[in-house]
Amino acid sequence: IIGTAVALAAKDPAKTTANPATGPAPLDAGAPQNAFQPLKLQIAKREMPASKWATDAEIGTAIDKAAAFLKSQFDGGKLKEYDAKERTKCSGADALAVYALMQAGLASHTDPDLDLKSPYLKQLLDTMKSLPVLEQSGTYTRGIELTALALANRGKEDAPEIKILTEGLLDSCNEGGWPYALQPKRVGSRTTKQYLQPAPEQWGDNSNSQYGALGLWSASDYFEINADVWDVIEKHWTKTQVPATGQWPYRDKGDNVAPSFSMTLAGVASMFVCHDNLDAATFGDKVGREPFSEPLAKALTWLETGHNIMSAGGGKVGYSAYGVERAGLASGFKYFGEHDWYKEIGTNIVHEQGASGSIGNGKSDVVETAYHLLFLARGRHPILMNKLRFDHFWANRPSDLSHLTKFAGRELEKTFNWQVITTQHDWSDWLDCPVLYIASHEAAKFSDEDFAKIRAYVDAGGMLFTQADGSTPAFTEYVHTVLAKKVFPDYELGKVPLTHELYTVQMQAKVKPPLEYITNGSRVLMVHSPTDISMYWQQDAMKSHADAFQTAINLFVYAAGRSDFGNRVASSFIPDAPAATAGNLVKVARVKYPLPTWNPEPYAWKRFANYLGWETSVGVQTFETDMDALGNVPIAQMPIAHLTGTNPYAPNPKELQSLQQYVNNGGTLILEACGGGTFNESAHKILSNFKDAKVTKYGHKSALFSASAPGMVDLGRPKIRAFAMKFYNRNAPQIEVYAIGKGRVIYSEVDLSTSLLGSKTYGIKGYEGEAALQLMRNIVLWSAAGAPDAGAAAPPPVVGGTP
């Protein structure tokens with residue numbers, strides 16, 4: 001089997017090669033060419049080794065169970081657990097549980113009660129508002145209530161309550177920190193500048209202070225919070241940090257000064273809140289600055305050191321787990337050190353969940369369950385973009401994606417997250433996101449291995465987006481002369497036509513910023529913006545520069561498809577299957593011709609081979625074969641050939657003769673238009689060369705679409721992509737089989753190659769991912785078995801999918 005794209009040759013990282021250690025076995029040129037016999041393949045499904053990480057489905061189930069548990073604890077809109085106690089002591093727990101249920105509804109859509117507009121949540125929110133706030137827990141309660149009401153986004157209905165809660169937090173802010181107890185209401189009694197001065201009472205602790213800052217951040221969606229307030233809060237966290245390690249203690253005075261894990265997470269999240277409100281303009285039009293302040297950089301370094309992020313039992317303490325999630329989402333970091341924090345801690349939480357749905361040390365505890373549910377739900381959302389972190393200036397716009405994801409959530413009516421990744425981890429880990437974003441104002445320093453990983457990610461279905469920060473010519477020159485040449489040496493950057501889907505797929509921007517792109521003819525592989533559009537993301541200038549945001553949404557929707565964006569841990573990656581035995585191997589010729597688009601999706605057969613290996617134990621080995629040499633290939637050794645492309649190609653007479661000779665000798669030629677595009681013109685000319693061929697159209701009731709040979713599956717009506725359904729008016733062309741001599745041509749006007757990647761790129765006239773794998777499975781195994789029942793009658797058209 002051809003080696004993975006990550007094992008690319010160092011001198012030419014864009015070309016996929018065979019295993020450099022062994023390479024494909026040479027064909028026996030002396031073997032008889034007309035001696036094809038049906039292969040007797042041994043079919044046995046292999047089970048993939050169980051992942052040590054929780055799957056997206058398992059996380060979804062855990063969210064549903066935890067939400068059901070929390071719902072069971074409410075009666076009449078209030079928590080039953082506290083009814084026998086003094087109710088005013090418990091409103092904080094009510095607010096936390098309500099907020100967790102709201103987030104569960106955004107991350108899983110199985111319970112209509114958890115829709116933000118449902119009568120059930122309306123009752124919980126209205127009851128929460130009616131509960132008095134006890135002074136001794138006022139900061140926690142107000143902070144969480146503000147967060148829940150801001151998420152509900154009910155406008156005027158909640159504005160008076162939000163104002164009261166906000167004023168309570170502002171009145172109790174002392175030197176940027178908060179105590180447990182709220183001070184008596186003093187509306188208008190303190191000016192912004194007076195927040196700089198200590199109040200008579202002790203300021204409190206960092207635990208309360210993080211919830212005070214979180215509450216004001218949520219309130220800022222309704223009311224403007226003066227920048228001086230955020231400046232004071234940032235000064236508080238800077239002052240209370242332990243300079244030597246970058247950690248934070250619970251208090252900065254008294255007898256409890258030792259730093260702690262949970263307070264360090266609180267400090268990181270709170271500092272990011274301050275930066276989000278203070279740095280938008282500062283970083284918006286400048287380049288060449290470090291993305292983080294010195295205190296924040298120190299804290300992040302501590303979290304990235306060793307196994308620090310897995311402190312406190314790897315998330316088994318709900319308060320700390322929620323702190324990890326807040327720090328992880330605020331920074332965007334997918335990894336802290338070697339740890340994928342969401343995947344690892346999420347797995348621990350799933351395993352800790354009890355039969356009742358409660359989570360946390362085996363207790364039926366509302367607070368613990370709510371905190372853990374918040375971790376799972378808030379971290380699960382689809383990833384809008386992966387931003388690549390590298391040496392030097394990788395984040396001139398540190399809050400660009402934070403603001404962009406908010407805009408995307410509003411426009412697409414879906415909650416999103418964003419990530420920061422590095423080349424220190426494998427490219428397959430990046431496939432939980434459809435876009436890789438690289439930006440700077442100067443040339444980056446990537447190794448050949450880095451370039452190979454970027455290419456492997458794109459080959460596997462991702463899209464690369466690069467931008468010149470500050471619109472600097474230096475980075476655009478680097479993209480043109482180095483990055484694009486290293487990653488895509490066979491293609492050239494060109495201007496994106498103003499009518500391209502990249503400008504129109506989701507939103508219609510009045511101003512279309514100039515973009516450049518590389519396409520393989522089926523899909524866009526890379527987009528470059530020579531002008532700085534993320535500057536406006538950083539400035540959160542949604543109104544004044546809506547076009548910059550709309551362009552970004554179009555890039556994402558083009559790469560991700562228009563629906564079913566996929567959650568954080570979901571991935572299209574299929575790991576390598578165990579090697580097949582020599583007698584259980586199907587060899588496939590990849591037909592070459594003098595255009596780079598002869599092999600537009602070099603990873604498609606690799607991913608299919610992995611799929612087939614796990615599902616059937618049958619191996620697939622591919623060989624590059626020139627078109628004019630295909631007729632000399634020994635059929636017994638290579639019974640199947642694949643000819644595809646994205647641009648028209650007119651074979652010369654020698655090449656046409658070679659194709660006909662291969663099929664006449666007994667070979668099966670799979671002829672397919674990658675992307676469903678203009679290569680179909682070439683396919684029709686090639687087919688016209690096969691004179692007197694017997695043509696059969698194959699659909700969902702034929703031998704090709706049923707279990708007519710060992711290992712084949714009953715496909716029914718294979719689903720086609722929503723775009724293809726619209727293009728073909730729900731009536732996709734049928735598979736056509738041309739019986740010629742001892743062999744056959746299997747022709748698909750509908751894309752298979754790009755669809756085999758499992759990506760959901762918009763604009764592909766092809767099959768849905770799983771359907772493409774199953775269809776190619778049947779094509780290969782049916783052909784290897786000698787095409788039983790080759791004369792089946794033509795059935796109804798192949799249709800399917802959802803619009």
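Described in the following lines is the structure provided in the data block. (Residues numbered from 1 in each chain as written. Predicted model: local features only at pLDDT ≥ 70, side-chain atom pairs only at ≥ 80, totals over all residues. Heavy atoms only, no water.)

### Considerations on the overall build of the chain
Helix and strand counts for the chain stand at 25 helices and 20 strands. Per-residue burial over the chain gives 60% buried out of 803 residues. As presented, the chain carries roughly 30200 Å² of accessible surface, and 52% of it is formed by carbon and sulfur atoms. (Helix = DSSP H or I, 4+ residues; strand = E, 2+ residues; numbered from the N terminus. Buried < 20%, exposed > 50% of the residue type's maximum accessible area, 1.4 Å probe, protein only. Areas by Shrake-Rupley, 256 points an atom, 1.4 Å probe, with all protein chains shown as cover.)

### A word on the sheet that holds strand β9 (residues 435-440)
The seven strands lie next to each other as β8-β7-β9-β10-β13-β12-β11, forming an open sheet whose pairing is mixed. The sheet terminates laterally at β8 (417-422) and β11 (494-495), the two strands that pair on one side only. Both β9 and strand β10 (residues 463-468) contribute to a ladder of six bridges, which runs parallel. Pairing of A439 across the sheet is with Q467, part of β10. Lying over the sheet, helix α20 (residues 546-560) contacts β7 (383-389), β9, β10 and β13 (524-529), oriented at roughly 160 degrees with respect to β10. (Pairing = 2+ DSSP bridges. Contact = heavy atoms within 4.5 Å. Axes fitted to C-alpha atoms, helices over the stretch in contact; angles between N-to-C directions.)

### Details of helix α16 (residues 448-459)
A rise of 1.5 Å per residue sets the reference length of α16, with its 12 residues, at 16 Å; its end C-alpha atoms lie 16 Å apart and thus fit the reference within 8%. Of all 12 residues that make up α16, 10 are buried, and the element is covered over most of its length. Among all positions in α16, only D450, F451, A452, K453, I454, R455, A456, Y457, V458 and D459 are buried. As for α16, its buried residues are in contact with β7, β9, β10, α17 (473-487) and β13. At the exit of α16 stands G461, carrying a positive phi of roughly 120 degrees. (Expected span 1.5 Å × (residues − 1).)

### Looking at the nonpolar core
In terms of nonpolar packing, the biggest core is built from 211 residues, with M385, I438, W537 and F608 touching the most fellow members. Counting residues per element, this core draws most heavily on helix α2 (residues 91-107), which supplies 12 residues. Grouped together as the second largest cluster of nonpolar side chains are 30 residues, F623, Y662, L669 and L687 included. (Core = buried A, V, L, I, M, F, W, Y, C linked by side-chain atoms within 4.5 Å.)

### Some details on the packing of helix α12 (residues 318-331) against helix α13 (residues 341-352)
When two helices pack together, their arrangement is given by the angle between the helix axes and the distance between those axes. Between α12 and α13, whose axes approach to 11 Å, the crossing angle comes to 160 degrees. With respect to their mutual orientation, α12 and α13 come out roughly antiparallel. Between α12 and α13 the crossing geometry is left-handed. In contact with A321, V324, E325, G328 and L329 of α12, α13 contributes W341, I345 and I349. When the residues that make up the contact of α12 with α13 are grouped by side-chain class, the tally is six nonpolar, one polar and one charged. (Parallel < 35°, antiparallel > 145°, perpendicular 65-115°, else oblique. Left-handed = near helix turned anticlockwise from the far one by under 90°. Nonpolar A, V, L, I, M, F, W, Y, C, P; charged D, E, K, R; others polar.)

### Some points on the packing of aromatic side chains
A complete count under the given rule lists 34 aromatic pairs for this structure. Judged by centre distance (5.7 Å) and plane angle (90 degrees), the ring pair of W427 and Y603 falls under edge-to-face. Taken as a pair, W427 in the loop between β8 and β9 and Y603 in the loop between β14 (585-592) and α21 (604-616) lie far apart in primary sequence, 176 residues in all. The burial state of W427 is the same as that of Y603; both residues are buried. An aromatic cluster is present here, built from Y140, Y180, Y211, Y319, Y322 and Y371 joined pairwise through their rings. Above the face of the Y342 ring, R568 is positioned so that its terminal group lies 5.3 Å from the ring centre. (Phe/Tyr/Trp six-rings, centres within 6.5 Å; stacked < 30°, edge-to-face > 60°. Lys NZ or Arg CZ within 6 Å of the ring centre and 35° of its normal.)

### Considering the pairing of strand β19 (residues 735-740)
Consecutive side chains along a regular strand alternate between the two faces of the sheet. The element β19 is extensively covered by neighbouring structure, given that five of its six residues are classed as buried. Counted along the chain from β19 to the antiparallel partner strand β20 (residues 743-748), the turn is two residues long, and its residue G741 has a positive phi close to 55 degrees.

### Here we look at the pattern of salt bridges
Think of it this way: side chains of opposite charge can pair up when their charged atoms draw near. Applying the stated rule across the entire model yields 30 salt bridges. The partner of E157 in a salt bridge is K122, with the nearest N and O atoms 2.9 Å apart. Within this pair, whereas E157 is found in the loop between α4 (138-152) and α5 (159-172), its partner K122 is found in helix α3 (residues 119-130), the two being separated by 35 residues in sequence. Given a relative accessible area of 38%, K122 falls into the partly exposed group. K387 serves as the salt-bridge partner of D400, at 3.0 Å between the closest nitrogen and oxygen. Of this pair, D400 sits in helix α15 (residues 400-412) while K387 is found in strand β7, placing the two residues 13 residues apart along the sequence. Relative accessible area serves as the criterion here: at 0%, D400 is assigned to the buried category. Judged by its relative accessible area of 2%, K387 falls in the buried class. (Salt bridge = Lys/Arg side-chain N within 4 Å of Asp/Glu carboxyl O.)

### A short note on α2
Along its 17 residues, α2 runs 25 Å from first to last C-alpha, staying within 8% of the 24 Å computed at 1.5 Å per residue. In terms of burial, α2 is largely enclosed, as 17 of its 17 residues are buried.

### Quick look at the sheet that holds strand β18 (residues 694-698)
With respect to topology, seven strands assemble into an open sheet ordered β15-β14-β16-β17-β20-β19-β18, the strand pairing being mixed. Single-partner strands in this sheet number two, and they are β15 (619-626) and β18. Strand after strand, the sheet turns through a mean of 25 degrees between neighbouring axes, direction not considered. By the bridge criterion, five bridges tie β19 to β20 in an arrangement that is antiparallel. Pairing of Y738 across the sheet is with V745, part of β20. On the sheet, helix α23 (residues 679-688) packs against β16 (640-645), β17 (668-673), β19 and β20 and is oriented at approximately 145 degrees with respect to β17.

### Looking at the side chain of S658
Within the secondary structure layout, S658 lies in helix α22 (residues 653-664). A residue is classified by how much of its surface remains accessible, and S658, at 3% relative accessible area, is buried. Within the structure, the side chain of S658 is placed 3.1 Å from the backbone nitrogen of L630, a separation counted as a polar contact. Those residues within four positions of S658 in sequence are excluded, and the remaining contacts are M627, D628, A629, L630 and G631. (Polar contact = N/O pair within 3.5 Å; in protein donor to acceptor, adjacent residues only side chain to side chain.)

### Re unusual backbone geometry
A negative phi angle is the norm for most residues apart from glycine, just as the trans form is the norm for most peptide bonds. Backbone geometry places E175, a non-glycine residue, at a positive phi of 55 degrees. In this fold, E175 is placed in the loop between α5 and α6 (206-219). Residue E175 is classed as partly exposed on the basis of its relative accessible area, which comes to 23%. For D564, which is not glycine, the phi dihedral falls at a positive 50 degrees. Structurally, D564 can be placed in the loop between α20 and β14. A relative accessible area of 58% means that D564 is categorised as exposed.

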